[in-house]
Each structure stands twice: as structure tokens, then as C-alpha cells.
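Residues per chain, in single letters:
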Amino acid sequence: MDLRFTDEELAFRHEVRAFMKSALPERLRRKMIDRHHPSKEDLVQWQQTLNAKGWAVPHWPVEWGGTGWDPVRQYIFQDELQQAPAPSPLAFNTSMVGPVIIAFGSEEQKHRFLPRIASLEDWWCQGFSEPGAGSDLASLKTTAKRDGDHYVVNGQKTWTTLAQHADWIFCLVRTDMAAKKQEGISFLLIDMKTPGITVRPIETIDGGHEINEVFLDDVRVPVENLVGQENKGWDYAKFLLGNERVGIARVGVSKERIRRIKELAAIERVGDEPIISNPRFREKLAAVEVELKALEMTQLRVVAAERHREKGKPDPASSILKIKGSEIQQATTELLLEVVGPYALPYQPEQEEEGWNEPPIGPEWAGAIAPTYFNWRKISI
Ligand SMILES: Cc1cc2nc3c(=O)[nH]c(=O)nc-3n(C[C@H](O)[C@H](O)[C@H](O)COP(=O)(O)OP(=O)(O)OC[C@H]3O[C@@H](n4cnc5c(N)ncnc54)[C@H](O)[C@@H]3O)c2cc1C
């Protein structure tokens, strides 16, 4: 197996890098570097910039806005996007509900939803998990009963990421109470403005608001919002969760982070020495870099094998990408904290101006750097 890039692929990498440099707003790049969470407006604007370039949904079929890139080009694009560092297009839209509608939706659904999914005009959230239906998702209890040309939906979803921003939710619902549990589930598209939907925040341990409970009380959903066939939703959900595993190693994010750690460790000192000269620190950094290189090689092996894989069947090796990728991100966060010390505290002056100073939204606050750090250090990166 040859894991080297061709000259054409290297030229493509150069083109993507140049685009990121010119199109990514500096304010957003800064937020990404400081690990402050981009706002909804930031994410919508950025996805629309990518969409205008034709790059918001590169992995989709060309007729629905895809680029026709082979797996290697898709990998290079993702790597450069993450290293810019720029936000990825919203996964609920581009990697989850979009591909399901492409594969199983009606023509009417494709025309109605896909362009707005790609452009993020509609923000989607994922209504799968329920209290009592997490790992054992097939035991979900939210029901959808047919009433004329509508389904009437009742139940509760939980852990619904960013439901507070969502225009639409794709839900797994039970349409046949008598069938074996996997065989009585359907995949419904529900407008979040429908009467009977209540979104309640779940505050995370860091004080953030990323996840929610979503209550559905007698929510009337037109029958035309059913994807594919009634009671076949479990198959569509498995297809969706398979896609979720692609591109989750976030190798580019970790590469960018290591670059940043090295820059800052050359400035910060312990006693007379910059941290980067400390043998113990170098050892830890090198260990993470070796792990990252191994992860990148594994990711490339998965990419290289993609051409020969049966469509819709995820590579079993991709499971390791999620686990290893997350461990490496945690390790780089710890190294960054070691370098910037107290400046890693969850402090955001711009939020203080708004009358509150809670940690930034989301689970990754511990990796955030106070903006004052860069002013204080007179660093411009
Ligand atoms: C930050 C975050 C965001 C999320 N966003 C969404 C979202 O947007 N939409 C959505 O639908 N869901 C979302 N989820 C839900 C997520 O997919 C579920 O948490 C996951 O499916 C696990 O379910 P659970 O949390 O109920 O854990 P449980 O299923 O209760 O599992 C608890 C523990 O028991 C173990 N366990 C479970 N069953 C077995 C078994 N049979 N044998 C041995 N061990 C077992 C598990 O490994 C785990 O350690 C989110 C979760 C988190 C943490």
C-alpha cells in the first residue's frame, strides 16, 4: 500500500489551504485557535461560504451539490479545514440527515430539504436517544400514531445536541407497538416550530448548554415527512450511524493543536528555560506526536481501502479512529494547559460585558485560552 500523496493531490492540498487562508474570517479563526465556541451565526456564515464555493458537502453525489472528489481528496480537504483551523460543516445536516434523505428519501423530500441542508438555512438536530433508550436505542418509546394524513407523535428525546438552534429534528419513532422492537421504528422529519414541541436545556458539568431534552406532546407531523418506508427506520438509522464514524479522528485538529503547543512552549518559561527545552515535557509531547502519526496512518489506511468497500458498510477499523482521536485530543488539551497555566481558566471578558461570566458553551472549555493571554504575551498567531 502506497500512502504517499501524488503531485496532483499535493497541488490540491495547496489549493484548499489557499482558500482557507483567504476565505476564513480572522475573527472566526481566532475563536477556533482560542477554543472559544463559534456562535450559531459564525457557523451558518462559514458553511454558507463553503457552500458558495461548492465545498459544504463534498461527499454527496454531484447532482445534489457534491464535488466528485475521491476519498483521498476528501481526506485532504478535511485535514486542511481542521488545520486552518475552521469549523466543520454541521454534521447533523451534512453527514447524518442529508445522506439518509439522499439514500432513502422521496424526490420531493430531496428537492425540498437537501439544498437547505447544505447551505445550513435549516439547522437540524438528532432525536434518537431517550431516557431509557441510549445504548439500547431500539427500545425507544416515542410513538407516532397515524391519524388521517398525519402522524401524532408523543414522547421524549434527550441529549439532543444544539436543539436550541434547530429548525428541524430527525426522529426515530415507534409506529408498530406489536412488532419486534427493531421492526416497529420509523424515521420522521419534524419541524421544530410544530405546536407541542418543548426544548429544555440540560446544563453540563462545565455550566455549558449544548444538550437538551425535547418533549413531544401530540405533535402533528404530515405523512409526507416519513423517510422511506414505515417501520424501516432502524435500517436508515444504522446507515446514518455508520456515516457518523467517518472523519471523526480529527487528525487535523490535533496537528494544529500540537503546532500551537510548540509555539507557546517556546515562549513560556519554567525558571530560566522555555518549557519546550524541558526533557520531561519534550518526552510527553513526542509521545503524543508518535500516537498522532500512527492515527493518521490508520486513517489513511481506512481512506485507501474505501474504494473497495461495499457502499454503506463502514470499515470496522473506523471504530478505533473515534477512540484514539479522542484520547489524543485529551492529551493535547492537557499539554496546552501545562503550557499556558492559569490562562487556561474558563474566563471570557466578552461574556462579562454581557453581564455574566460562565464558562464557554460546550464540553471542551478546559482547552480554552483566555483572550487576555495573547494580549499579555504580545503574541500574534
Ligand atoms: C455530549 C453528548 C451529546 C449527545 N448528543 C446526542 C444527540 O444529539 N442526539 C441523540 O439522539 N443522542 C445524543 N447523545 C446520546 C448518546 O448517543 C448516548 O449517550 C449513547 O447512546 C449512550 O446512551 P446513554 O447515555 O443512555 O447510556 P446508557 O445506555 O445508559 O449506558 C450507560 C453505561 O452502561 C453501559 N452499557 C449499556 N448497555 C450495556 C450492556 N448491554 N452491557 C454492558 N454495558 C452496557 C454503557 O457502555 C455505558 O457505560 C449525546 C450524548 C452526549 C454525551
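Numbers given for residues are sequential positions, taken from 1 along each chain in its written order. Since the coordinates come from a predicted model, pLDDT governs what is reported: local features require at least 70, and pairs of side-chain atoms require 80 or more to be given and counted, while whole-chain, interface and lining totals use all residues. Values reported for side chains reflect all heavy atoms of the structure, with hydrogen atoms and water molecules removed beforehand.

Looking at the site of the ligand
Whether a residue is near a molecule or strand is decided by its heavy atoms; if any one of them lies within 4 Å of it, the residue is near. Around the ligand sit Phe92, Gln126, Phe128, Ser129, Gly134, Ser135, Trp159, Thr160, Thr161 and Ile211, and that is every residue in its neighbourhood. At a separation of 2.7 Å, a nitrogen atom of the ligand approaches a polar side-chain atom of Thr161. For the accessible areas, the method is Shrake-Rupley and the probe is 1.4 Å, while residue cover comes only from the protein chains on display. Taking 980 Å² as the accessible area of the ligand by itself, protein coverage stands at 38%. As a working rule, the residues Ala, Val, Leu, Ile, Met, Phe, Trp, Tyr, Cys and Pro are called nonpolar, Asp, Glu, Lys and Arg charged, and the rest polar, with Gly in that last group. Of the residues assigned to the shell around the ligand, the class counts are 4 nonpolar, 6 polar and no charged. N or O atoms closer than or at 3.5 Å make up a polar contact, with two conditions inside protein: a donor-capable atom paired with an acceptor-capable one, and, for residues adjacent in sequence, both atoms drawn from side chains.

Remarks on the pairing of strand β2 (residues 143-147)
Note that β2 and strand β3 (residues 150-158) share 5 bridges and pair antiparallel. Across the sheet, Ala144 pairs through a bridge with Val153, a residue of β3. Taking the residues that link successive antiparallel strands as the turn, the β2-β3 hairpin has 2 residues, and the phi of Gly148 there is positive, at about 65°. Note on pairing: two strands pair once DSSP finds at least 2 bridges between them. The way it works is that DSSP assigns letters per residue, a run of H or I at least four long becomes a helix, a run of E at least two long becomes a strand, and they are numbered from the N terminus.

Digging into helix α2 (residues 26-34)
Relative accessibility under 20% of the residue-type maximum defines a buried residue, over 50% an exposed one, and the middle range a partly exposed one, all with a 1.4 Å probe and only protein chains included. Turning to α2, its buried residues are Leu28, Arg29, Ile33 and Asp34. Of the residues trailing α2, Arg35 is marked for its positive phi of about 60°.

Structural notes on empty space enclosed by the protein
A cavity, in this analysis, means grid points on a 1 Å lattice covering only the protein atoms where a 1.4 Å probe fits yet has no way out; a pocket is instead an open set bounded by protein on both sides within 12 Å along at least five of seven lines, and a residue lines either one if it has an atom within 4 Å of a point. Grid points are joined across faces, edges and corners, and a volume is the space filled by probe spheres set on the points. Using the criterion set out here, one finds 1 cavity of 30 Å³ or more in the structure. Around the largest cavity, the lining is made up of 10 residues, and of these Tyr75, Gln78, Gln82, Val251 and Gln299 lie nearest the centre. Where the lining of the largest cavity is concerned, the elements lending two or more residues are α4 (71-83) and α8 (251-265). With 4 residues, the single largest contributor to the lining of the largest cavity is α4. Across the lining of the largest cavity, the residue classes break down as 3 nonpolar, 5 polar and 2 charged.

Here we look at the packing of helix α9 (residues 279-306) against helix α10 (residues 318-340)
Each axis is a line fitted through C-alpha atoms, and for a helix only the stretch in contact is used; angles between axes span 0 to 180 degrees, taken between their N-to-C directions. One can describe the packing of α9 onto α10 by two numbers: an axis separation of 10 Å at closest approach and a directional angle of 155°. Regarding the angle of α9 to α10, the classification is roughly antiparallel. The element α9 and its partner α10 pack so that their crossing is left-handed. Counting all contacts with α9, which are made through Phe281, Lys284, Leu285, Val288, Glu291, Leu292, Leu295, Thr298, Gln299 and Val302, the residues of α10 involved are Ser318, Ile320, Leu321, Lys324, Gly325, Ile328, Ala331, Thr332, Leu335, Glu338 and Val339. Among the residues forming the contact of α9 with α10, the class breakdown is 12 nonpolar, 5 polar and 4 charged. Angles are sorted into four bins: roughly parallel if under 35 degrees, roughly antiparallel if over 145, roughly perpendicular if 65 to 115, and oblique for all others. Definitions for this section: a left-handed crossing has its near helix turned counterclockwise from the far helix by less than a right angle. A right-handed crossing has that turn clockwise. Contacts are residue-level and defined by heavy atoms, with any inter-residue pair within 4.5 Å sufficient.

Purely spatial values, then, with no claim about function.
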